[in-house]
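One letter stands for each residue in the lines below.
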Amino acid sequence: MTPLPTARPAPTAALPGGTVPSGSGAEQERPSSASLRPGVDLRTGTARAFGTFGELLQGALPGGPEFLVTLPVDRWARARFRLDPGGPLRVFPSHKTKTRRVAEAMLAACGRPAGGVLLLDGDLPVGKGMASSSADLVATVRAVGAAVGLDTSPAEVERWLRPIEPTDGVMHPGVVAFDHREVRLRERLGGLPAATVVGVDEGGLLDTVAFNRVPKVFSPAQRAEYAELLAELGAAVRAGDLARVGTVTTRSAVLNQRLAPKRNLDAVLAIAERVGAAGVVCAHSGTLLGVLLDENDADHGPRLAAALAACSTLPGTTTTVRALTPQDMELSDAA
């Protein structure tokens, strides 16, 4: 079992008013420790973490581990933690056992008995491939860290989550290539231009953690293709070229059919071609397919309407999300 990380204090002090500097995703309200009374005076941390619409790309590289490339979207997990230095730890909803584990580890690493109340909510559905579990965990680490003064930089969030489960790279802003089994950043790729995803949920639930724990077999030729796709995706993201991004995501969705087949894939591919979309995206370990549309396209409105109308005729539930741009990330940090 991977040892739990040791506590590291936050590298920077809170700004006036208790706000953690931009980029932490968390805020804190901190009375002096000398005045804290169990059950009465509570230090509070609040935070959120974005989810994803599946992945832009997921596969395995030559001689290396499996990897994924994140697709951040405007759906969120939120956490609020109130520290009670002499009380028990209570988590709501109570079935969020993984968030309890990481909160317990962080409190134990502070070197003194402590508990509190951890409240979790958000608009990320479970078992669909939108990184709901990862986002819950990241928001929890940020909220608890804000309350007790621990470092919650992306690298430190990785350290706290590594003993818990395979995790998406949603602790990192923007689009990243991520080793989800080892919970380790591989490469920062940048940010996407403004884009909309018209999604189709085929129904049911898929346990992403269980799926990722099952070893996948990739031939040398498949690994070589994934390496080419990752290089092309990185170049496309850095160039802000959503059409090139869509070419890669579409190929990744097709390649993933042997691992987690989607019954609507052929129909969604046809819709994307018919409406002039950038491509198709999928939840490689989930139940979602999506049509990727460029919001900077002059015909975005009609194409969005056409994609929504066509996708609504397919079996499943239709939804719409926006990809988070670098500007969205800056506004999120400032909120």
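Residues numbered from 1 in each chain as written. Predicted model: local features only at pLDDT ≥ 70, side-chain atom pairs only at ≥ 80, totals over all residues. Heavy atoms only, no water.

S.K.: Which residues make up helix H6 (residues 242-255), and what values go with them?
M.R.: When the terminal C-alpha atoms of H6 are compared, their 20 Å separation across 14 residues agrees well with the 20 Å that a helix rising 1.5 Å per residue should span. Within the sequence span of H6, burial applies to Leu242, Val245, Gly246, Val248, Thr249, Ser252, Ala253 and Leu255. Where the residues of H6 are buried, they touch strand E2 (43-60), strand E8 (195-201), helix H5 (220-239), helix H7 (265-275), strand E9 (279-282) and strand E10 (288-294). N-capping of H6 is provided by Asp241, with a side-chain oxygen placed 3.2 Å from the backbone N of Ala243. (Helix = DSSP H or I, 4+ residues; strand = E, 2+ residues; numbered from the N terminus. Expected span 1.5 Å × (residues − 1). Buried < 20%, exposed > 50% of the residue type's maximum accessible area, 1.4 Å probe, protein only. Contact = heavy atoms within 4.5 Å. Polar contact = N/O pair within 3.5 Å; in protein donor to acceptor, adjacent residues only side chain to side chain.)

S.K.: Which residues make up the pairing of E8, and what values do they have?
M.R.: Among the seven residues that make up E8, seven are buried, leaving the element largely enclosed by the rest of the structure. Taking every second residue as pointing to the same face, both faces of E8 are buried, with Ala195, Val197, Gly199 and Asp201 on one and Thr196, Val198 and Val200 on the other. Pairing between E8 and E10: seven bridges, direction antiparallel. Its bridge partner being in E10, Val200 is matched across the sheet by Leu289. Two elements, E8 and strand E11 (residues 317-322), share six bridges in a ladder whose sense is antiparallel. (Pairing = 2+ DSSP bridges.)

S.K.: Before we move on, could you go through the environment of Pro72 and cite the residues and values that matter?
M.R.: Checked against the element boundaries, Pro72 lands in strand E3 (residues 66-84). Given a relative accessible area of 1%, Pro72 falls into the buried group. Taking the C-alpha atoms as reference points, Pro72 and Ala49, 23 residues apart in sequence, are found 9.9 Å from one another. Excluding its chain neighbours within four sequence positions, the residues that come into contact with Pro72 are Phe50, Gly51, Thr52, Gly174, Val175, Arg322, Ala323, Leu324 and Met329.

S.K.: Describe in detail helix H2 (residues 132-148), supporting the description with residues and values.
M.R.: Counted at 1.5 Å a residue, the expected span for H2 with its 17 residues is 24 Å, and the 24 Å between its end C-alpha atoms agrees. In terms of burial, H2 is a largely internal element, 16 of the 17 residues being buried. In the stretch just after H2, Gly149 is the one whose phi turns positive, near 80°.

S.K.: So, empty space enclosed by the protein: which residues are in play, and what are the values?
M.R.: Here the structure, examined in full by the defined rule, presents one cavity of 30 Å³ or more. Together, Gln58, Gly59, Glu66, Phe67, His180, Phe211, Lys216, Phe218, Asn256, Leu259 and His284 line the largest cavity. Contributing elements (two or more residues each) for the lining of the largest cavity: E2 and E3. (1 Å grid on protein atoms, 1.4 Å probe; cavity = no way out; pocket = protein on both sides within 12 Å on 5 of 7 lines; lining within 4 Å. Points joined across faces, edges and corners; volume = space filled by probe spheres on them.)

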